[in-house]
Each structure stands twice: as C-alpha cells, then as structure tokens.
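For reference, the chains in residue letters:
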Amino acid sequence: MKYSLKSILLFSLFIGMLGCSSSPNIEPGVSLELAQFRKANISDITYELYFDIPEEQSDSINASATILFELKDSNHDIQLDFRESKELLNSISINGETVDITFEKEHIILSAEYLTKGQNSVDIDFTAGESSLNRNPEYLYTLFVPDRARTAFPLFDQPDLKAVYDLTLEIPLNWEAISNAPLNYQHESDSTKTLNFAPSDLISSYLFSFVAGDFEKVTQTIDGTEMTMLHRESDQEKANRNIDDIFRLHKASLDWLEEYTGIDYPFQKFDFALIPTFQYGGMEHVGAIQYRASSLFLDEDPSDSQLLSRASLIAHETAHMWFGDLVTMEWFNDVWTKEVFANFMAAKIMNPNFPEIDHNLNFVLRHHPSAYSVDRTEGANPIRQYLGNLNQAGQMYGAIIYNKAPIMMRQLELLVGEDIFREGMRKYLSTYSFENATWPDLIEILDELSDQDLKSWSEVWVNTPGRPHFSYEFKEDELPGRDPLLYDMLIQTDPAGMERVWPQQVGIWTVSPQDSSFKFFDILSNEQSKFATLNELRAETKVFNANGRGYGLFPADLETLEYWEHMKNVRKGSQLINLYENMLEQNEVMPREYLYKLLELVQTEENQLLIGQILGHIQTIYWDLLNETERNNIAPNIEEILWEQMIAQDEPSKKKTFFNAYRNIAISKSEVQKIYDIWRGEMEIEGLNLSETDYISMAGDLAIRMPEKSEDIISTQLENIENSDRKRRFEFIRPALYSDQQVRDEFFESLKEEENRQTESWVLSALGYLHHPLRVDDSEKYILPSLELLQEIQVTGDIFFPKRWLDVTLGNYSSDTAVQTVRTFLDERPDYNEQLRMKILQAADGMFRANRIKN
C-alpha cells in the first residue's frame, strides 16, 4: 500500500504541474516542470550543428550551433541544457546580439531581455563535451539516450520538443560517416573532408546521432530499398558470411512493418553501423541504427538461439522506426511503450523468417525468465513509473519494460482480438505521426474499439509491480440424491495482499490417472481470487501455463517430467520455468533433485532452444545453489555428460553449445587440461569450429582455472589476437584475469575513476572475471565499494544500465557476510535513491535466495 500511496501523491503533483506557466526553477537535469514549461512555450526548432573532429583522440572537438525556435511568450528566461563545464562555452549571441554567458546548474540561461515573441536565433561557439561521443582511437559514435545530447552540445533536451537537425562534420579524409539524413554534399582537402547532411526529419533529441571513423562501407539495394552499413570487422570471411543475412533481415523487417502498420517507411533513409564497443544490443537512431558488432556478425556455426537473437534485435530496432521514432513517448516515464512495441512486433516479424522454429516456445524463453527475475524480488517495479527528472531516466530501463511488457501486450491482444489490436495500432501511429503520445492515449484508442474495460485491466498490469501466485485445491461438493461432484479449483492470489487480479489467458495440460490420456484447457481468468473451476481437471499430473501465455508463479512438481516426451515444446519450456521458479521459492523443488532430472533431459532433448534452457539451469544450480563440496563431488559427472554430448553431436551448432557449457562447468584438473590443449591447438574436435572470439573467451576461463599459468596464457592470447578492436578490449580486461591479487585490487581501484569506465562492455566483462565464482572468497571485499560507487555511476552515465553493474557484482555470492553487506548498506541509507534501492534489491535477489537455500 505504501507504493500505491506514493504513486497517488506523485501523480497529484504531476497533474498540478500541468497548469504551471511561471518560470521553472533552475536545477540540474531536465525536470518535469521545466519540460512542461518549454513544451508550452517553444516550437518549430531547428539545430544547425558543426563539429570539427580531429583524427587524434586526445584533441578537442571544436563546434558551433545555431538554434532557431519559435517562442510563444518572451516574458520569461529560457533554459538551454548543457551538462558540461562553462569553460567549454566560447561565445553566445541571441538574435544577433553578443551576450554574456550565464550558466547555472547545467543550463545556459537565455535572458528574456534578448528574446522576442515569435522567431528567435541563438548562436553558440563551444568545445564539444565528450562523455557521450564515445571516442576511440579510430572512430566515435554518439549515444544520447535518454538525456545525454546535452553532454555534447547545448539544446532543449526533452523528447516532446522534436526538431530538425542540420549537421555538418569535418572529419579525417579516410573516415566514413553516417547520420540521420542523407549526405547533402562533401568537400575534400589534403587531410580532411567536410560532410554536410540534409536537414533531418522531425525527431526527438535522444534520436539525433552520427557515427564517424575508419569503417568499411557496404551498400546493398534490395527490391528498391538502398541500405548502407558501416563495420570494422577485420575477418573478411566472417564479414562475408554475415553481410547478406544482415541486409536481408533488415529488408524483411521493413516490409513486414509497412504491411502491418499501413505506413510506408517514414524517414529519408535507412542505414546502420556495427560498432565493436557499443554499450548494448542496438539503438534506434532514425535512419542510422547502431548495433554492437558481435550481435550481428556471428561466429561460424551459430546456434538457433543466436540466430533468433540477431533476427529479433534487427526486427526490434527496425520496429522502433515506427514505434518510438515516428511516434515518440511524451516523457521518459513512458519509455517502456516504445520498447514493448518494438519487442512485441519483433516477435511477430521473426515468424516468417524462421518457419522451422517454435515461436511460442521462443517467446516464452526470451521473456518470462527475465521478467520473473525482477517481479519475484523485493525491488520489483511496475511497467509504468513516475519520473520527475530526465537525469533519472536511465533507471526506467530493465527486464520489466523489455520482457514483462511484451507478455502484457500479448495478453492485451488476446483480450481485444488481433484485428482490433492491429486497427488500434494503425490509428495510434497515424494520429500521432511525428508527434508524441502516452500510454493512456493508446488505451483510449483501444477502449473506443473494444467493449473491454481496458483502463481497469491496465491499472493492474501496467501500474503495479509483481506477479500473481497460483494454487489449486481439490473440492468435493455433496449433492442430494446424487454422487458427489469432484473437481479442482485453481486459485489466483496476490502475494502483496492487495487483492489484485491479473486478467489473463492460461493453458493447463493434464494427464488422466485412469488411462494416461492427455487434455488441454485454455482458460480466461478475470475473476477475483477464484481463478477457475474445472470439473474435468481432476488429474494427478498437471502442467500449468502449458501454452506459455500466462504470467505468474504456477504450481509445478518434478513428477511431470516423466511425461516429457509427450509434451509439446512450449509446454516443456514453460514447465522448466515453472520448476525453476518453484525451486527458487523453495516450493518442494530441491536444487539437487532438479539438477539430476536436467542431466537426464539434456541427454535426450533435440530442440536447441530447450537444450539452451536446460544447460542454463544446470549451470545456475551448479555455480549458485550448490556449496563447494557438493559442486566438487558432482563436477566429474556433469563434465563427463557434457563432453560426451558434445562429441556425439552431428550439428556443429549443437556441438558448440555443449562445448561452451562444458568449459563453463569444468573444474576438474583433467577436464581443464582438455580445454587448455584445445586452446593451444594441441587437441582438435571434429566439427567444432572456433573463432578468435572463442579463443579469447577460453583464455579468460583458463587464466582463472590455471592460476600458475595465467600470465603465460594472457600474454600468448594477446599476441594471437589479430583484430585491433578485440586486442584493445583484451588489453583492458587483462589485469582482471591475473592470478596476482594485488594486480586485481589495483584494477578495481582504477574503476573508481570515471575515465576508466568509459567503455561499458569492457568494464562489465572485466568485473565478471573479478567476481568469478572461483574467486568469490578473494573478491567479496569489492561488494561494498561497488555499491558506494553506484550513485556516481548513475550520474555519470558511463554504465548506462546501473543494474548491469550490480548484476556482475552481486550475482555469484551467497555467503552470510555478502548478504549482510548489502542489507547493511541499504539499512544505513534510509533516504537512498528509491530507484537505485530497487535495482540493488533486484540484483541481490539471487544472492538472498541462494543463501536461504544453502542454509
């Protein structure tokens, strides 16, 4: 109830602000008050931007900006956002008059004295801020989501002030560049070239972007659609193996979205850049999508899961061109809307591209485990949250918006029907094209098309955290003159005691005890507490959520696995998740017993997606839920099973899947030696194709497992790396691999300096090695200082998702002292940032549960 009361108070404050017309307070970030004031007064914005980018990474970037805008009321000072030092500002003129620079709390103050009602022009000469330019020795790329454009240049940095961007870049002669709009013209000199891009479409500030550097440029035209890709992959065979599929998947996504939405691709061009150091999977910059290179350039013999992940990522980012870019959320509290649309549409887009894949199974495995990993915790957050300032917007992201929200959207489509849902999506996009919208705007559209009470439905699913718990009871009703009525009653309860009901469709699969016949029930639940009464459900064996559509903690027991071969794949996947969740809740599913069952299943299952899920559960139990003695005792058995399965596989992708699980599990001296021999090239496994990335990963594993050889392994691997970007990454993480504790301590201390956290993916990889399960006794001391750094990391934004920092820090611990460290940290800080408190509790959930299970 406390959360609900707080939400009500904050919502009241939000409503009160809507009518605010006085000058907003000056405070760091972009407050909701400031954003609403500017939206009411500023329109028709154009940014004319110039950046002179030198080849030398250490040299400053000289820049200039002309900002044109219409002003409704010139009686107030206007705040321009710039989250850098005042010393970077050289000069400012307003409407042709040079003025003194007034700078306060991350804002340039444009005095009302120089502003006029109607058209205004502001000229600024400055040195670009670099914290969001991601400068590397041979390239850079901008990443301005959610509010970081203001770290590079002055602007009105909020999503509902869409603008036109007119960009000019001066770059080294051998560099390539892309931005949101097509290239307008190019001039070359002896050592540099000047690129002017056409004025962009109307876009939000976080979607403005450019990439520049020493990239290879590839252009393909498919059925009249021209697309250009930039990449830095030095392995030409690897690049050639992937390029055509990458272009094909983009084109297929564009075609599907045009047909589904009824709207042709709405922007001037469609390009993308593959960046080695990119922070996460991808970012939907209009006409210039950015990807992490390794997410699209797959190694030889990729698994089904890897192929699906790539296709899903491409479909997700392409869907954003409509959902997020064409129609953008009004404020970042609704950032989840663009992510849920993109993920939900991506699941649909992939279906025709992979006809052989069980897409219901894929949806369940991709969404439910991640969503449950947050909703089961003490720090669970709702899909839609309050946001008072954009400098906190990064905390809105996480598994709930990426994974729970698509499950919710699937239930919404089931509730209103596919045709009405699609009609609503089309009306939503056409109504708000090149504008901004909120979640209530969509619900209002669907409410008009459907006879369902969607506002009440949305209140529980979207505005509150957590998941329902399901149970069932056997009932016997005495009837006069008749045999008793026997049935099972399935009950939905709210674990928070708030009597909420999550309306949803759930499937139940039963096995009759009399004749072992199988039946399936598909049920719509919209009742309070009493979920369903099913006279036919009386059976000893049941699989709940058997179609993967439901959401919650469902009953499960290991005996159901006796009927594994009779289950459809989606039932298998759903039951694996049910068993895993009940194991974590300590509901009669014991880790060791479940592990033995999994080891049986992994030797007979053929579906790659299910194999991946089974192996994931095996590894989690092995490392997190067994004590050291138990792990050492069972290791030889698991190692033998995984090695034999790897050898037995005919499909190279399956062989590699088992090999990767094997090298993650292996701790016995003889088995580690096998990995070492393979890494050294002294042992070859027929059909096992390994890439440079695989050898780098093996070197990391071996450096930890063979501490006496760590320095030799590290130096040898460094010499063997041919790709310059992968070599720089390995040089960065190298100290985290050393057996010398002092070297690792010094490396951890270096991460306290902001400049050493600039490449997020490298930092998180290094932390993963520092906190490896085999090193927890030596590394537990890093937990407290890592927690103490969290607020600074959130402010600097160098780790975009703070929970990722927490996950790699806390994920492998379960000791009483580690638990106490986290609990004490939070107890001693009652006024700690509430969003960060939730992230800590989410990340520590595995630690808390493993500690309880082991004790």
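For the structure, check the block above.
As the structure is a computational prediction, the values presented were derived from the model and not from experiment. Position numbers for residues start from 1 in each chain and track the written sequence from start to end. Residue-level local features of this predicted model are given only where pLDDT is at least 70; pairs of side-chain atoms are given and counted only at 80 or more, and the full residue set underlies all totals for whole chains, interfaces and linings. Only hydrogens and water are set aside; all other atoms, that is, all heavy atoms of the structure, feed into the side-chain values.

1. Quick notes on the overall build of the protein
Note the threshold: By the criteria applied, helices consist of DSSP H or I runs no shorter than four residues and strands consist of E runs no shorter than two, each listed in order from the N terminus. Here the radius of gyration uses the C-alpha set of atoms, whereas the globule reference equals 2.2 Å times the residue count to the power 0.38. A simple rule labels every residue: compare its accessible area, found with a 1.4 Å probe on the protein chains alone, to the largest value its type can have, and call it buried under 20%, exposed over 50%, or partly exposed in between. Contacts are assigned to residue pairs that have any heavy atoms within 4.5 Å of one another. For the accessible areas, the method is Shrake-Rupley and the probe is 1.4 Å, while residue cover comes only from the protein chains on display. We score Asp and Glu as negative and Lys and Arg as positive, and we do not count His or the chain ends. For the purpose of locating charges, the reference atoms are NZ of Lys, CZ of Arg, CG of Asp and CD of Glu.
When its secondary structure is counted, the protein shows 28 helices and 27 strands. For the protein, whose C-alpha radius of gyration is 28 Å, the value lies close to the compact-globule estimate of 29 Å for 855 residues. A principal-axis box enclosing the C-alpha atoms of the protein has dimensions of 95 × 75 × 60 Å. Taking all 855 residues of the protein together, the buried fraction comes to 59%. Within the protein, counting contacts between residues at least 6 apart in sequence, those at least 24 apart form 72% of the total. As presented, the protein carries roughly 33100 Å² of accessible surface, and 44% of it is formed by carbon and sulfur atoms. For the protein, the separation between the mean place of its 77 positive charges and that of its 140 negative charges on side chains is 4 Å.

2. Considerations on the sheet that holds strand S6 (residues 103–104)
Condition: A pair of strands is treated as paired once DSSP finds two or more bridges between them.
Here we have 3 strands laid out as an open sheet, ordered S3-S7-S6, and antiparallel in their pairing. The open sheet is flanked by strand S3 (78–81) and S6, the only strands paired with a single partner. In the sheet, S6 pairs with strand S7 (residues 107–110) via 2 bridges, with the strands oriented antiparallel. Among the inter-strand pairings, glutamate 104 is bridged to a residue of S7, identified as histidine 107.

3. Concerning helix H3 (residues 236–261)
Quick note on the threshold: Expected span of a helix, by definition, is 1.5 Å for each gap between consecutive residues, and there is one gap fewer than residues. In this scheme, the bend at a residue equals the angle between the axes fitted to the seven residues that finish there and the seven that begin there. Counted as a polar contact is a pair of N or O atoms within 3.5 Å, where, for protein atoms, one must be capable of donating a hydrogen and the other of accepting one, and residues adjacent in sequence contribute only when both atoms are in side chains.
The end-to-end C-alpha separation of H3 is 37 Å, in line with the 38 Å expected for 26 residues at 1.5 Å each. The axis of H3 is deflected most strongly, by about 30°, at asparagine 242. The opening residue of H3, the one whose side-chain oxygen lies 3.2 Å from the backbone nitrogen of glutamate 237, is aspartate 235. Looking one or two places after H3, you find glycine 262, whose phi comes out positive at around 75°.

4. Brief notes about the pairing of strand S1 (residues 42–52)
As paired elements, S1 and strand S2 (residues 62–71) share 9 bridges and run antiparallel to each other. By the bridge assignment, leucine 49 is partnered in S2 with alanine 65. Here S1 pairs with strand S10 (residues 163–172) via 8 bridges, running parallel. Bridge assignment links aspartate 52 to a residue of S10, and that residue is glutamate 170.

5. Describing unusual backbone geometry
A cis amide bond, omega -5°, links valine 145 with the succeeding residue proline 146. For asparagine 95, which is not a glycine, the phi torsion comes out positive at approximately 50°. Counting through the fold element by element, asparagine 95 comes out in the loop between strand S4 (89–94) and strand S5 (97–99). Judged by its relative accessible area of 32%, asparagine 95 falls in the partly exposed class. We note that aspartate 223 has phi near 50°; this positive angle belongs to a residue other than glycine. You can see aspartate 223 is positioned in the loop between strand S15 (216–222) and strand S16 (225–231). Residue classification places aspartate 223 among the exposed residues on the basis of a relative accessible area of 70%.

6. Points about the pattern of salt bridges
Our working rule: Salt bridge, as used here: a side-chain nitrogen of Lys or Arg that lies within 4 Å of a carboxyl oxygen of Asp or Glu.
Taken as a whole, this structure holds 43 salt bridges when the rule is applied. We note a salt bridge from glutamate 378 to arginine 823, for which the minimum N-O separation is 2.7 Å. Within this pair, whereas glutamate 378 is found in the loop between helix H7 (359–375) and helix H8 (399–416), its partner arginine 823 is found in helix H26 (residues 816–827), the two being separated by 445 residues in sequence. Since its relative accessible area comes to 26%, arginine 823 is described here as partly exposed.

7. Observations concerning the sheet that holds strand S19 (residues 288–292)
Condition: Axes, fitted as lines to C-alpha atoms, cover a helix only where it is in contact. Angles between the N-to-C directions of the axes lie from 0 to 180 degrees.
An order of S15-S16-S17-S19-S18 is seen for the 5 strands of this open sheet, with the pairing classed as mixed. Pairing within the sheet leaves two strands with one partner each, and these edge strands are S15 and strand S18 (282–283). Contacting S18 and S19, helix H5 (residues 304–319) runs over the sheet at an angle of about 150° to S19.

8. Examining the environment of aspartate 375
Following the sequence through the fold, aspartate 375 ends up in helix H7. When the C-alpha atoms of aspartate 375 and leucine 32 are compared, they prove to be 28 Å apart, with 343 residues separating the residues in sequence. Those residues in contact with aspartate 375, other than ones at most four positions away along the chain, are Ala380, Asn381, Ile400, Lys404, Pro465, Gly466, Arg467 and Tyr551. Polar side-chain contacts of aspartate 375 include one of 2.8 Å to the side chain of lysine 404. Reaching out from aspartate 375, the side chain makes a polar contact with the backbone nitrogen of glycine 466 at a distance of 2.9 Å.

9. Quick notes on the environment of leucine 161
Among the secondary structure elements, leucine 161 is positioned in the loop between strand S9 (139–141) and S10. In sequence terms leucine 161 and serine 370 are 209 residues apart; their C-alpha atoms lie 33 Å from each other. Look past the residues within four positions of leucine 161 in its chain and what remains in contact with it is Arg38, Lys39, Ile42, Ile45 and Phe156.

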